[in-house]
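Letter by letter, the chains look like this.
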Amino acid sequence: MADEKKIEEMLGTIEAMSVMDLSNLVKAIEEKFGVTAQAPVVAAVAGAVGAGAASAEEEKTTFTVVLASAGDKKIQVIKEIRTVTSLGLKEAKDLVEGAPKTVKEGVGKEEAQEIKKKLEAQGAKVELK
C-alpha cells in the first residue's frame, strides 16, 4: 500500500509539471540511469521495417514529417511549426534549432504533404518518411 501511495504522489507531481520540466526530468533520468527514453521507439520502428519489407508494394498510408533544416528564414519556420503542431514558442524554437527533428508522426499522406508544402514555402527543407 505504501508503494502505491508513493507512486500516486509521484504521478501527481509529474502531472503538474510543465513540458520543459518534463523534458529536463527525462534528461536527468537518462543521465542518472544510463538509459534513453527513445529506445522502445527505435525497436518498434526496426520491427515495423522488418515486417513492412515483405509488403513493400503496398502504398504507405502514414508518414512522419521531419524538418531536415530550417533554411534562412528561421523565424518564419518557427511560426509555421507552431501552426501545424501544438508546441509553444520555446519548444518550436528548440525543434527548429535542433534540426533534423521530427515535426509530426503518424499523419496521413495529404496532411504530411500539406505540412511539407507550408514549411518549404518558408524556406525549410522537409522529408517525409
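Keep in mind that this is a model prediction, so the values were computed, not measured.

Participant: Hey, could you run me through a nonpolar patch on the surface in this one?
Facilitator: A cluster of nonpolar side chains, namely Ile7, Met10, Leu11, Ile14 and Leu22, defines an oily patch on the protein surface of about 430 Å² accessible area. The greatest single-element share of the nonpolar patch, amounting to four residues, is contributed by helix H1 (residues 2-15). With respect to the secondary-structure elements, Leu11 resides in helix H1. You can call Leu11 partly exposed: its relative accessible area is 48%.

Participant: What should I look at first to understand the sheet that holds strand S2 (residues 101-108) in this one?
Facilitator: Picture the strands of a sheet paired through backbone hydrogen bonds; they go either parallel or antiparallel. Strand order in the open sheet formed by three strands is S2-S1-S3, with antiparallel pairing between adjacent strands. Each edge of the open sheet carries a strand with a single partner, namely S2 and strand S3 (125-128). When strand polarity is set aside, the average angle formed by the axes of neighbouring strands in this sheet is 25°. As defined by bridge partners, strand S1 (residues 62-69) adjoins S3 across four bridges and the pair is classed as antiparallel. Bridge pairing links Leu67 to Val126 in S3. The strands touched by helix H6 (residues 109-121) are S1, S2 and S3; relative to S2, the strand with the most contacts, the crossing angle is about 145°.

Each value, and the rule that gives it
- Within any chain, residue numbers begin from 1 and follow the written order of that chain's sequence.
- Since the coordinates come from a predicted model, pLDDT governs what is reported: local features require at least 70, and pairs of side-chain atoms require 80 or more to be given and counted, while whole-chain, interface and lining totals use all residues.
- Only hydrogens and water are removed before side-chain values are computed, so all heavy atoms of the structure are retained for them.
- Each patch is built from salt-bridge-free residues with over 30% relative accessible area, joining like charges within 9 Å and nonpolar side chains (Val, Leu, Ile, Met, Phe, Trp, Tyr) within 5 Å.
- Residue burial considers only the protein chains on display, and all accessible areas are found by Shrake-Rupley using a 1.4 Å probe.
- Within this document, salt bridges are pairs made up of a side-chain nitrogen of Lys or Arg and a carboxyl oxygen of Asp or Glu, the two lying within 4 Å of each other.
- The way it works is that DSSP assigns letters per residue, a run of H or I at least four long becomes a helix, a run of E at least two long becomes a strand, and they are numbered from the N terminus.
- Here's how the labels work: a residue is buried when its accessible area is under 20% of the maximum for its type, exposed when over 50%, partly exposed in between, all with a 1.4 Å probe on protein chains only.
- DSSP-based pairing: two strands are paired if at least 2 bridges between them are found.
- All axes here are fitted lines through C-alpha atoms, helices being fitted over the stretch that makes contact, and every angle between N-to-C directions spans 0 to 180 degrees.
- When checking whether two residues touch, look at their non-hydrogen atoms; a contact exists if any pair is within 4.5 Å.

Any link to function would need more than the numbers given here.
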